[in-house]
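# Examining the three-dimensional arrangement
If you want the building blocks of each chain, they are given just below.
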Amino acid sequence: MWDGTSDDILWAPALSVDEAHARCGGAAPPPELIRLADPQGGDRYPEFQFPTGCGTPYEIVLRINRLLLVDIDPWGAAAWWLSGNTWLGGTPAALLGRRPDQELVVAAAALVEGD
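What this report covers is the structure whose coordinates are included nearby. Computed from a predicted model, the values in this text were never measured in an experiment.

## Things to note about the overall build of the protein chain
- In terms of regular secondary structure, the protein chain is built from 6 helices and 2 strands.
- If you list the helices and strands of the protein chain from N to C, you get α-β-α-β-α-α-α-α.
- Over its C-alpha trace the protein chain gives a radius of gyration of 13 Å, about what one expects of a compact globule, namely 13 Å for 115 residues.
- C-alpha extents for the protein chain along the principal axes are approximately 40 × 30 × 20 Å.
- When the 115 residues of the protein chain are sorted by exposure, 41% land in the buried category.
- Looking at the protein chain alone, contacts between residues at least 24 apart form 56% of all its contacts between residues at least 6 apart.
- In the structure as shown, the protein chain presents an accessible area of about 6400 Å², 54% of it carried by carbon and sulfur atoms.
- Averaging the coordinates of the 7 positive side-chain charges in the protein chain and doing the same for the 16 negative ones gives two points 7 Å apart.

## What to know about helix α6 (residues 101–113)
- Taking 1.5 Å of rise per residue, the 13 residues of α6 would be expected to cover 18 Å, and the 18 Å separating its terminal C-alpha atoms lies within 8% of that figure.
- Every buried residue of α6 is listed here: Leu104, Val105, Ala107, Ala108 and Ala109.
- Close packing links the buried residues of α6 with α3 (59–67), α4 (74–82) and α5 (92–95).

## A look at α4
- The element α4 is largely enclosed, with a buried count of 9 among its 9 residues.
- Where α4 is concerned, the buried positions are Pro74, Trp75, Gly76, Ala77, Ala78, Ala79, Trp80, Trp81 and Leu82.

## A closer look at the layout of surface pockets
- Of the voids in this model, the second largest pocket is the one considered here, and its volume is about 230 Å³.
- The wall of the second largest pocket is formed by 14 residues, among which Pro13, Glu47, Phe48, Phe50 and Ala93 lie closest to the centre.
- Tallied by class, the residues present in the lining of the second largest pocket amount to 10 nonpolar, 2 polar and 2 charged.

## Observations regarding empty space enclosed by the protein
- For the structure on display, the rule yields 1 cavity of 30 Å³ or more.
- Estimated volume of the largest cavity: approximately 30 Å³.
- Around the largest cavity, the lining residues are Ile9, Leu10, Ala12, Pro13, Ala14, Leu36, Arg44, Pro46 and Leu82.
- Of all elements in the fold, only α1 (7–10) and β2 (44–46) reach the threshold of two or more residues within the lining of the largest cavity.

## A word on unusual backbone geometry
- You will see that Leu69, though not glycine, has its phi angle at about 60 degrees, which is positive.
- With respect to the helices and strands, Leu69 occurs in the loop between α3 and α4.
- Judged by relative accessible area, which is 42%, Leu69 ranks as partly exposed.

Conventions used here
Residues numbered from 1 in each chain as written. Predicted model: local features only at pLDDT ≥ 70, side-chain atom pairs only at ≥ 80, totals over all residues. Heavy atoms only, no water. Helix = DSSP H or I, 4+ residues; strand = E, 2+ residues; numbered from the N terminus. Rg over C-alpha atoms; globule rule 2.2 N^0.38 Å. Buried < 20%, exposed > 50% of the residue type's maximum accessible area, 1.4 Å probe, protein only. Contact = heavy atoms within 4.5 Å. Areas by Shrake-Rupley, 256 points an atom, 1.4 Å probe, with all protein chains shown as cover. Lys, Arg positive; Asp, Glu negative; His and termini not counted. Charge placed at Lys NZ, Arg CZ, Asp CG, Glu CD. Expected span 1.5 Å × (residues − 1). 1 Å grid on protein atoms, 1.4 Å probe; cavity = no way out; pocket = protein on both sides within 12 Å on 5 of 7 lines; lining within 4 Å. Points joined across faces, edges and corners; volume = space filled by probe spheres on them. Nonpolar A, V, L, I, M, F, W, Y, C, P; charged D, E, K, R; others polar.

Below, the structure written as structure tokens:
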């Protein structure tokens, strides 16, 4: 479980609920997306989960978020994506599309499995 503060994560660019709905073609965003409750700005979806500019969420993000149990701990899932990862050599969110998807999956699985 995430034990940092919400301020550590809320700095990241994010979409409002309405913007996330628009990116999903007007449908409700999938439950596998990270949705963070921000008492100051309302619920938000970290933007890295979507391709730049437009498009539906990355499938690899949905897959890894399920692995990270986003439905139980969205703050912990966000922390994994937005924190430096020495094994990957950067933050997983910044490595989307730059490293093979399978490397991201293996890194997330290692966290879940406690390796």
